[in-house]
Amino acid sequence: MRLRLLVAGLTIVSSLSAPAFAAGTKVPAAAQGVWAEAGKCSGTTVTFTAGTLQYKGQKAQAVFFTPKESPRGYGAIHYKQEGNVDNFEYADDKDQMLYNPEGFGMGKSVLYKRCAGASASTASSIKKAAGQAENRCGWLVNPTPGNWWLVDKDAMWVFATQGNAEGAGAAGMDKLPDFDPTQYVNSNGNYGYGCACVKLIADPATKSVKSIVGGKTLPLATCKKDKSLPPESKL
């Protein structure tokens, strides 16, 4: 976490170490959201979801929650990654966060307050970074053998390309939906495109698709009427 203090040569006793990760221990909904030191939300913020925290502009990292674990009787949020003694305590009775840079009982705690009205898109972006499946709709294109991608309002999401080793592509290619022939355009023999929604897991930074969870076809008219999508002549 930010402000991490590394104490060389110091042996951390077990009472100050982060507890072992308990599977399924999620950050409670009441503690999720965007927080800032002293409530200064125009500066550096930290956003909590059920299983991650992310400082503004940094990569989201996995965390877990231990209820009533702190000396104050509050629940605490720890990194899953071992070797970190710093933590956040969630004071549910005050709706505040207390950041402990050196762990429980060491140093001074830093008060964090909730940022009211924080954009829901912030939490959404963190979920995506953490590998959550998202539903994307647009032109599902298979122009030639081995080539598959989805073009939506944001980008072209490539599932597979011809020439990769063993036709390698995103996991779960077999979960792409089958088109009704009446709702599919054959632009190159048996190859072409249609309109669909695909549930996928992707890296939002590189637009690379890691796996496909499922999908469903849509009428061609749906994509034709969507002004945020490129016209068929551009596919």
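Residues numbered from 1 in each chain as written. Predicted model: local features only at pLDDT ≥ 70, side-chain atom pairs only at ≥ 80, totals over all residues. Heavy atoms only, no water.

Student: Which residues make up the pattern of salt bridges, and what values do they have?
Tutor: Taken as a whole and assessed by the stated rule, the structure comprises 7 salt bridges. Across the pair Glu 89 and Arg 72 runs a salt bridge, and its minimum N-O distance is 2.4 Å. Taken as a pair, Glu 89 in strand β6 (residues 87–91) and Arg 72 in the loop between β4 (61–66) and β5 (75–79) lie far apart in primary sequence, 17 residues in all. A relative accessible area of 46% means that Arg 72 is categorised as partly exposed. Residue Lys 153 is joined to Asp 154 by a salt bridge in which the shortest nitrogen-to-oxygen separation is 3.3 Å. You can call Lys 153 exposed: its relative accessible area is 57%. (Salt bridge = Lys/Arg side-chain N within 4 Å of Asp/Glu carboxyl O. Helix = DSSP H or I, 4+ residues; strand = E, 2+ residues; numbered from the N terminus. Buried < 20%, exposed > 50% of the residue type's maximum accessible area, 1.4 Å probe, protein only.)

Student: How would you explain the state of the cysteines if you had to name every residue and give the values?
Tutor: Scanning the model with the defined rule gives 3 disulfides in all. Cys 41 shares a disulfide with Cys 115; S-S distance 2.0 Å. Measuring the twist about the S-S bond at about -100 degrees, one finds the Cys 41-Cys 115 disulfide to be left-handed. Here Cys 41 is found in the loop between β1 (33–37) and β2 (45–48), whereas its partner Cys 115 is found in the loop between β8 (110–114) and α1 (120–129), with 74 residues between them in sequence. (Disulfide = S-S within 2.5 Å.)

Student: Any chance you could break down unusual backbone geometry for me, citing the residues and the numbers?
Tutor: Residues other than glycine seldom take positive phi values, yet Ala 38 does so here, at roughly 60 degrees. Among the secondary structure elements, Ala 38 is positioned in the loop between β1 and β2. You will see that Asp 95, though not glycine, has its phi angle at about 55 degrees, which is positive. Along the chain, the position of Asp 95 falls in the loop between β6 and β7 (96–100). With relative accessibility at 32%, the residue Asp 95 sits in the partly exposed group.

Student: Before we move on, can you summarise the confidence of the model for the protein with the specific residues and values?
Tutor: For the protein, per-residue confidence averages 81 on the pLDDT scale, and 80% of positions sit at 70 or higher. Between residues 1–24, whose pLDDT stays under 50, and residues either more than four places distant or in other chains, the model counts 37 contacts. Below pLDDT 50 for its whole length, residues 118–123 participates in 5 contacts with residues either more than four positions away or in separate chains. (pLDDT = per-residue confidence, 0-100. Contact = heavy atoms within 4.5 Å.)

Student: Help me get a handle on the side chain of Asn 87, residues and values and all.
Tutor: Within the secondary structure, Asn 87 sits in strand β6. Overall, Asn 87 belongs to the buried group, its relative accessible area being 0%. At 3.4 Å, the side chain of Asn 87 forms a polar contact with the backbone oxygen of Val 85. (Polar contact = N/O pair within 3.5 Å; in protein donor to acceptor, adjacent residues only side chain to side chain.)

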